[in-house]
Each structure stands twice: as structure tokens, then as C-alpha cells.
Amino acid sequence: KNEVEQSPQNLTAQEGEFITINCSYSVGISALHWLQQHPGGGIVSLFMLSSGKKKHGRLIATINIQEKHSSLHITASHPRDSAVYICAVTESGGSNYKLTFGKGTLLTVNP
Amino acid sequence: GAGVSQSPSNKVTEKGKDVELRCDPISGHTALYWYRQSLGQGLEFLIYFQGNSAPDKSGLPSDRFSAERTGGSVSTLTIQRTQQEDSAVYLCASSLEGLARANTGELFFGEGSRLTVL
């Protein structure tokens, strides 16, 4: 069992829809990252959080440390949001540089 | 530029040849990471450099893989006697420090080097 599980694996939405991608993990963490990977491979860090909630434009990330769960929300989705979204965690008590990655969620937003 | 720069962006080589992949991190970033992403797979950790400390090479898949970081800046990943299973996108990333602290741990990725071994 992967220590970081994402759901859904694939998600198709219509432009304008509200989107939620979930990430659950089984280890203690010091930080959780949400990454975005567009076709062609480039990866961008969206959020790094260890508690609460962060917002950037139409993107919102939340984390519940007790429940070992994080969500990434996209409001008013747009075709340019189509990408793979990857959740990754830095385990607490271990090295402060190794990330454990989820397998990613492929989001397709249709016009 | 201001971002992480990788070269070459694409490399096609014959099985058995050696290849070198280069990463130029963001200036001032002490932490540098190499990852590999095979087709349809997730990101796989290869090696980590932090300042002048000994690198963590625990993710390197075989002794054909090596990496160095000169002067705490540019890093080179070398694959000797390439095999077809080495075909992947090799991604470099850097951060100001380690990944555990929100104010210094944001990762910045390069565009990757796509390696194809024929």
C-alpha cells in the first residue's frame, strides 16, 4: 500500500465546475506539497502546507493533520487547469528532504 | 534565468553509451534534488545534495548512476553504459533549504531532461 493515496485517479469536468482532489497519507508528516504537472512534463509547486488552509487565486488547499487528509480545490475550473496534480509529503522524524509522492490525479477540464 | 535550468532538454542515445545531464539550480538554494519519472509512473527520488554535506545517494538505482554538485551550485547526473530501462524524464529541483519548513521548503523544478535509450 502506497503511503500517499490520491483520489480520484482520473477526473473529467466541464469548464466552470468546482473540483476536489483528495490526498490521504498514513505516516506522520511535517509538510504536505501539492504539485501540478502539465503535459510536456514541467512541474510547478502549488502549495506547501503543514496546517489549516491556503488559497492562491482559484486554488485552495486544506489539510487535516488529525485525519491525515488533504484536499485541493479548484473553483470555476478552466481547460488550462488540465494537468496531473500530485500530492507529496515530507515525513516527520525522518530526513527533511525526502518526499513520498502520490501517483497523481489526471484532471481534464473540457470547454 | 531565475528558475532551475536543465540541459539537454532531450537526449537520444544508444544502449551502452554514457550520458551526462546538467542542472543549474536557483542561485542561493542550498538543497538540490534529482528525480526520475518513467513513462506513466510517479516521481522517483534519486539523490539529494544539501550544502557541503555528503549527498544522500540512496535512491540511485544502480552503480551506473552517479551525481556530483560542484561548488554547491551546478549538478551533473551521469549514467554510464545506458540501458533501455533508463529511458525516462530526469527532473532536477532546488529549494532554499530542506522541505520540512513552509518558509524555506518550496520546491522549484526544472523542465526536465527526457532521455531515450535506443
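Note that the structure is predicted; figures quoted are calculated from it, not measured.

1. Topic: the sheet that holds strand β3 (residues 19–25) of chain A
Residue and element names in this part refer to chain A.
Logical step 1: Here we have five strands laid out as an open sheet, ordered β1-β3-β8-β7-β6, and antiparallel in their pairing. The outermost strands of the open sheet, each flanked by one partner alone, are β1 (4–7) and β6 (52–56). For this sheet the average axis-to-axis angle between neighbouring strands, irrespective of direction, equals 15°.
Logical step 2: Where β1 and β3 come together, four bridges link them in antiparallel fashion.

2. Considerations on the confidence of the model for chain A
Logical step 1: Averaged over every residue, the pLDDT of chain A is 92; the share at 70 or more is 95%.
Logical step 2: When pLDDT is averaged over each helix and strand of chain A, the minimum, 87, is found for strand β10 (residues 99–101) of chain A and the maximum, 98, for strand β8 (residues 69–74) of chain A.

3. Some details on the sheet that holds strand β3 (residues 19–24) of chain B
All names here are of chain B.
Logical step 1: One open sheet holds the four strands; their spatial order is β1-β3-β7-β6, and the pairing between them is antiparallel. At either end of the open sheet lies a strand with only one pairing partner, and these are β1 (5–7) and β6 (65–69). Sheet twist, expressed as the average angle between the axes of neighbouring strands with direction ignored, equals 15°.
Logical step 2: Of the pairings in the sheet, the one linking β6 to strand β7 (residues 75–79) comprises five bridges and is antiparallel in character. Paired with Glu68 across the strands is Thr76, a residue of β7.

4. A word on unusual backbone geometry
Logical step 1: For the peptide bond that leads from Ser7 of chain A to Pro8 of chain A, omega is -5°, which places it in the cis range.
Logical step 2: Note on placement: Pro8 of chain A falls in the loop between β1 and β2 (10–14).
Logical step 3: Residue Pro8 of chain B is reached from Ser7 of chain B by a cis peptide bond, and omega for that bond is -10°.
Logical step 4: Among the secondary structure elements, Pro8 of chain B is positioned in the loop between β1 and β2 (10–13).
Logical step 5: Even without a glycine there, the phi angle at Lys68 of chain A is positive, about 55°.
Logical step 6: Here Lys68 of chain A is to be found in the loop between β7 (59–64) and β8.
Logical step 7: Lys68 of chain A sits in the partly exposed class, given a relative accessible area of 30%.
Logical step 8: In this structure, Ala76 of chain A takes a positive phi of about 45° despite not being glycine.
Logical step 9: Positionally, Ala76 of chain A belongs in the loop between β8 and β9 (83–91).

Criteria and thresholds
- Residues numbered from 1 in each chain as written.
- Chains lettered and ligands numbered in written order.
- Predicted model: local features only at pLDDT ≥ 70, side-chain atom pairs only at ≥ 80, totals over all residues.
- Heavy atoms only, no water.
- Pairing = 2+ DSSP bridges.
- Helix = DSSP H or I, 4+ residues; strand = E, 2+ residues; numbered from the N terminus.
- Axes fitted to C-alpha atoms, helices over the stretch in contact; angles between N-to-C directions.
- pLDDT = per-residue confidence, 0-100.
- Buried < 20%, exposed > 50% of the residue type's maximum accessible area, 1.4 Å probe, protein only.

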